[in-house]
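# Observations on the three-dimensional arrangement
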Amino acid sequence: MSRPHVRLLGQGIRYLTKLRGGGSAFPGLVMERLHPGFVAEELAKLPHGVVVISGTNGKTTTTKMAVQLLRAQGYKVFTNRTGSNFVRGVAAALLGEMSLTGRLDADIAVLELDEAHAVHFVKQVKPRYALLLNVMRDQLDRFGEIDTTRRMLAQVAAATTGTVVLNREDPRIASLAEHVPEGTGVRWFGLAPALRPMFPSDDDMRSAGGPDAEEDHEQELAPRPPAAVELTSFEANRVRLTVDGEPLDATVELYGVYNIYNAAAALALALAVAGPDADRTALLDELSRVTPAFGRGETIEVGGRPLQLLLVKNPAGFRLSLASARPGDYATMITINDEYADGRDVSWLWDVDFHSLREGGVDVVSGTRAWDMALRLDYDEVAVREVVPGLGDALRRFVAGAGDRPMRVFCTYTSMLELRRELSRVAEVAEI
């Protein structure tokens, strides 16, 4: 079968799977089998190359911000907007965006990639830009220790030909500068000293009195490289950033303090791509227009009341989500699944401090590991009104019992997808 015919077959399969409401990566799997070089061949045609965004946390939201910022600078951007961050997900997204004649109307690609699949991807496609966010203890049953994840990201840095943008405050990410090849630039995003305790790295999560405390203190005192974009301060949605030494104000309408730091990362990337011709005013204006990526603080109106979906994957992310709002102001539900995409090992829940939930308690706990979650909350003396493993039934009980309170659901990845399907039956849910 000729390559154009293979592509048309892939596009037909994607159309059919979309009609059936799922299988977003399956057409990409077909292309991997029938035309392994498809992704590399198509992305090589883009005049401004490829951007890879990877790291443990924040990839989807940061990618969404970076795409909007670059579009505000006049770039035609292709992206894997569903968050399917394997190589086959990129292939499926390409099939969805290409015309029947095989034309992709884009001049740059911004791709969110899972750390392990980013390694596979950069062997086929050398990115011109890379944004590497953080390394946290996330799904260790899939990737092993965090230094394994760091080595994966080091391969991404080593393959990048233009500019690598690194998180100055994460020591494992900062150390990747030594892997950047000669001729490739390095830019940094970072935090003002007063904000660093609010955004702990994995090492910061260790006990301050532990055996490595003296070494950590020495690292804290070590000089840091100047950041192209530094998050200086924020209050609610008002943010002050220092951009190449110039203080600038912006608005970030996203849930969670961690997304404010993600905004600094996305801005640093956009400035690296756009270069000296970047329109900073347009970039800051566009930041205020970014809405949450699906499941990452996404708000869905249910019966005239807001319900917010908050993806949680590891202790640091869960802790920051809990700290982003007063628990007593919300009806709260927690759904924990242990499918492959979530991570089979849920012992990380014991590294999360749930004491802040004592004030209002948790209305419903659900998911395949509902009873594990309920036990964890009991140890922190957090009251749980109901444990309902089935997500559909649990969601109905939660909404019915929330009264006039706004609702929020902390959910793992597969439970988030199932909740969105359930919510689409009674509310308007954005298509992904």
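Residues numbered from 1 in each chain as written. Predicted model: local features only at pLDDT ≥ 70, side-chain atom pairs only at ≥ 80, totals over all residues. Heavy atoms only, no water.

An unreviewed UniProt entry lists the protein chain under the name Lipid II isoglutaminyl synthase (glutamine-hydrolyzing) subunit MurT, with Kocuria dechangensis as the source organism. Quoted verbatim from the Sequence similarities (unreviewed entry) heading of the UniProt record, the comment on the protein chain is "Belongs to the MurCDEF family. MurT subfamily." Database annotation for the protein chain, UniProt heading Subunit (unreviewed entry): "Forms a heterodimer with GatD." (UniProt positions renumbered as here; feature names shortened; annotations may be inferred.)

Before going further, it helps to examine the packing of helix α4 (residues 59-72) against helix α11 (residues 257-274). Running from amino to carboxyl end, α4 crosses α11 at an angle of 40 degrees, the nearest separation of the two axes being 9 Å. As judged from the angle between their axes, α4 and α11 are oblique. Read as a crossing pair, α4 and α11 show a hand that is right-handed. Note on element contacts: α11 touches α4 through Asn259, Asn262, Ala263, Ala265, Ala266, Leu267, Leu269, Ala270 and Val273, opposite Thr61, Thr62, Met65, Ala66, Leu69 and Leu70. Looking at side-chain class alone, the contact of α4 with α11 contains 11 nonpolar, four polar and no charged residues. (Axes fitted to C-alpha atoms, helices over the stretch in contact; angles between N-to-C directions. Helix = DSSP H or I, 4+ residues; strand = E, 2+ residues; numbered from the N terminus. Parallel < 35°, antiparallel > 145°, perpendicular 65-115°, else oblique. Left-handed = near helix turned anticlockwise from the far one by under 90°. Contact = heavy atoms within 4.5 Å. Nonpolar A, V, L, I, M, F, W, Y, C, P; charged D, E, K, R; others polar.)

Quick look at the sheet that holds strand β8 (residues 238-243) now. Strand order in the open sheet made by the nine strands is β2-β3-β1-β4-β5-β6-β7-β8-β9, with mixed pairing throughout. Unpaired on one side and paired on the other, β2 (77-79) and β9 (246-251) mark the two borders of the sheet. When strand polarity is set aside, the average angle formed by the axes of neighbouring strands in this sheet is 20 degrees. Pairing of β8 with β9, which is carried by six bridges, proceeds in the antiparallel orientation. In the strand pairing of β9, Arg240 is matched with Asp249. Packed on one face of the sheet, helix α5 (residues 87-97) meets β2 and β3 (108-112) and runs near 130 degrees to β2. (Pairing = 2+ DSSP bridges.)

Let us now look at the pattern of salt bridges. In this structure the tally under the stated criterion is 28 salt bridges. Among the ionic pairs, Asp147 bridges to Arg172, the shortest N-O distance being 3.0 Å. Remark: Arg172 occurs in helix α9 (residues 171-174) and Asp147 occurs in helix α8 (residues 146-159); sequence separation between them is 25 residues. A residue is classified by how much of its surface remains accessible, and Asp147, at 34% relative accessible area, is partly exposed. What makes Arg172 buried here is its relative accessible area of 15%. Across the salt bridge formed by Arg369 and Asp372, the nearest N and O atoms sit 3.0 Å from each other. Residue classification places Arg369 among the partly exposed residues on the basis of a relative accessible area of 21%. (Salt bridge = Lys/Arg side-chain N within 4 Å of Asp/Glu carboxyl O. Buried < 20%, exposed > 50% of the residue type's maximum accessible area, 1.4 Å probe, protein only.)

Taken together, the side chains of Trp350, Leu375 and Tyr379 make up a nonpolar region of the molecular surface, amounting to roughly 350 Å² of accessible area. You can see Tyr379 is positioned in helix α14 (residues 370-379). The class for Tyr379 is exposed, based on a relative accessible area of 55%. (Patch = residues over 30% accessible without salt bridge, like charges linked within 9 Å, V, L, I, M, F, W, Y side chains within 5 Å. Areas by Shrake-Rupley, 256 points an atom, 1.4 Å probe, with all protein chains shown as cover.)

When you line up the elements, Arg150 lands in helix α8. Judged by relative accessible area, Arg150 falls into the buried class, the value being 14%. Side chain to side chain, Arg150 and Ser175 meet in a polar contact 2.9 Å long. (Polar contact = N/O pair within 3.5 Å; in protein donor to acceptor, adjacent residues only side chain to side chain.)

What follows is about unusual backbone geometry. Most peptide bonds adopt trans geometry, and most residues besides glycine take a negative phi value. Positive phi, close to 55 degrees, is recorded for Ala236, a residue that is not glycine. Even without being a glycine, Asp244 presents a positive backbone phi close to 50 degrees. Taking the relative accessible area as the measure of exposure, Asp244 reaches 46% and is therefore partly exposed.

A separate point is the sheet that holds strand β14 (residues 384-387). With mixed pairing, the six strands of this open sheet are ordered in space as β10-β11-β15-β12-β13-β14. Edge positions in the open sheet fall to β10 (296-302) and β14, since each of these has one partner strand only. Going across the sheet, the axis of each strand differs from the next one's by a mean of 20 degrees, ignoring polarity. Direction of pairing for strand β12 (residues 331-335) relative to strand β13 (residues 362-366): parallel, over a ladder of three bridges.

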